[in-house]
Amino acid sequence: MKKTINIKLNGTDHSVEVEPRKLLVHLIREDLSMTGTHIGCDTTSCGACTVLIDGRSAKSCTILAIQADGKEITTVEGLATAGGLHPLQEGFKENHGLQCGFCTPGMMIRAVELLGKNPNPTESEIRWGISGNLCRCTGYNNIVKAIQYASAKMRGAELPSTEPEFV
Amino acid sequence: MIKCKTSKEIGGMGHSMKRKEDARFIQGHGNYIDDIKLPGMLYMKIVRRPYAYAKIKNIDASKALAIPAW
Ligand code: FES
Ligand code: FES
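Residues numbered from 1 in each chain as written. Chains lettered and ligands numbered in written order. Predicted model: local features only at pLDDT ≥ 70, side-chain atom pairs only at ≥ 80, totals over all residues. Heavy atoms only, no water.

## A short note on the side chain of Q89 of chain A
Position of Q89 of chain A relative to the elements: it lies in helix α2 (residues 87-94). At a separation of 2.8 Å, a polar atom in the side chain of Q89 of chain A contacts the main-chain amide nitrogen of H86 of chain A. Residues in contact with Q89 of chain A, not counting those within four places in the same chain, are V76, L79, A80 and M108 of chain A together with I26 and Q27 of chain B. (Helix = DSSP H or I, 4+ residues; strand = E, 2+ residues; numbered from the N terminus. Polar contact = N/O pair within 3.5 Å; in protein donor to acceptor, adjacent residues only side chain to side chain. Contact = heavy atoms within 4.5 Å.)

Written out as structure tokens, the structure is:
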């Protein structure tokens, strides 16, 4: 038995019929064709599917679409504005925070909530904050640097160097 | 920390170069295999043999073929 739900995805209202068993990530990727949100595991391990639901980050492979009824969802496609890239997007780009880019949307969305709650996190707070997100290729150092860069940018502080360190 | 002695302009030796593909990845337009939809696409499942070492004499696919695929 299908149920009609209303969600706002990246600012656009949608009314969709879904089966109660459909996962939110499938609704976003298949029904609404926004494929920036990825499925890395389907079992709440990797965080590639992380989206914002009413401003809180959540793994959309672990939430049913019907649970998102009436909610506002933001995915990676909703980060940039007419004014340009989101500071996190800029941070990842400037700091070589991605290689294959598969984990990146989830990392950035997770970091949006992290920086919203804690605008100036320490390195260990960042590492703890993204501990639900796995990256299999870049390694976490540059991801941490990317988030530190975005934090500085969003606070209007001096931007950290984006030069790699040779040790 | 070692300071680079060359300039980026001479070819980037000892420097990281900005990548061209990042713009689409960070905006969710990567187009990975799972993002591609083509007409008539089917699902595939690999059925592995239940024995570690054996000779395949024949494959009976009748049950699989009986499932409506699209
Ligand atoms: S796909 Fe949701 S956590 Fe991996
Ligand atoms: S950039 Fe490839 S998994 Fe993180």
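Now that the structure is up, let's keep going.
## Quick word on the environment of L9 of chain A
All names here are of chain A. Relative to the helices and strands, L9 is located in strand β1 (residues 3-9). Note on L9: relative accessible area 1%, which makes it buried. Spatially, the C-alpha atoms of L9 and L134 are 25 Å apart, while their sequence positions differ by 125 residues. Every residue in contact with L9, bar those within four places of it in the chain, is listed here: H14, I28, L32, M34, I73 and T75. (Buried < 20%, exposed > 50% of the residue type's maximum accessible area, 1.4 Å probe, protein only.)

## A few points about the sheet that holds strand β3 (residues 50-53) of chain A
All names here are of chain A. Strand order in this open sheet of five strands is β2-β1-β5-β3-β4, and the pairing throughout is mixed. Sheet topology places β2 (12-18) and β4 (56-59) at the edges, where each strand pairs with a single neighbour. Within the sheet, the average angular offset between the axes of one strand and its neighbour, ignoring direction, is 40°. Summarising the sheet, β3 and strand β5 (residues 72-74) pair through two bridges and their orientation is antiparallel. Note on β5: the bridge partner recorded for L52 is T74. (Pairing = 2+ DSSP bridges. Axes fitted to C-alpha atoms, helices over the stretch in contact; angles between N-to-C directions.)

## Some remarks on the nonpolar core
Core analysis: the biggest nonpolar cluster contains 24 residues, and L88, F92, M107, M108, I143 and I147 of chain A have the highest contact counts within it. Elements represented by at least two residues in this core include exactly α2, α3 (104-117) and α5 (140-155) of chain A together with α1 (22-26) of chain B. Broken down by element, the residue count for this core peaks at six residues, all from α3 of chain A. Apart from the residues lying within four places of it in its own chain, the contact partners of I143 of chain A are F92, G97, M107, I130 and C135 of chain A. (Core = buried A, V, L, I, M, F, W, Y, C linked by side-chain atoms within 4.5 Å.)

## Points about the interface of chain A and chain B
Facing the 25 residues of chain A at the interface are 19 residues of chain B. Of the roughly 2,000 Å² buried between chain A and chain B on both sides combined, carbon and sulfur atoms contribute 54%. Here chain A and chain B share two salt bridges between them. Two residues, R29 of chain A and D35 of chain B, come together in a salt bridge whose shortest N-O distance is 2.8 Å. Taken together, the connections running from chain A to chain B amount to 10 residue pairs in polar contact (both at pLDDT 80 or more). Of all the secondary-structure elements, those providing two or more residues to the side of chain A that touches chain B are α1 (24-31), α2 and α3 of chain A. Taken together, the residues that form the side of chain A that touches chain B break down as 10 nonpolar, eight polar and seven charged. (Buried area = accessible area lost by both parts, 1.4 Å probe. Salt bridge = Lys/Arg side-chain N within 4 Å of Asp/Glu carboxyl O. Nonpolar A, V, L, I, M, F, W, Y, C, P; charged D, E, K, R; others polar.)

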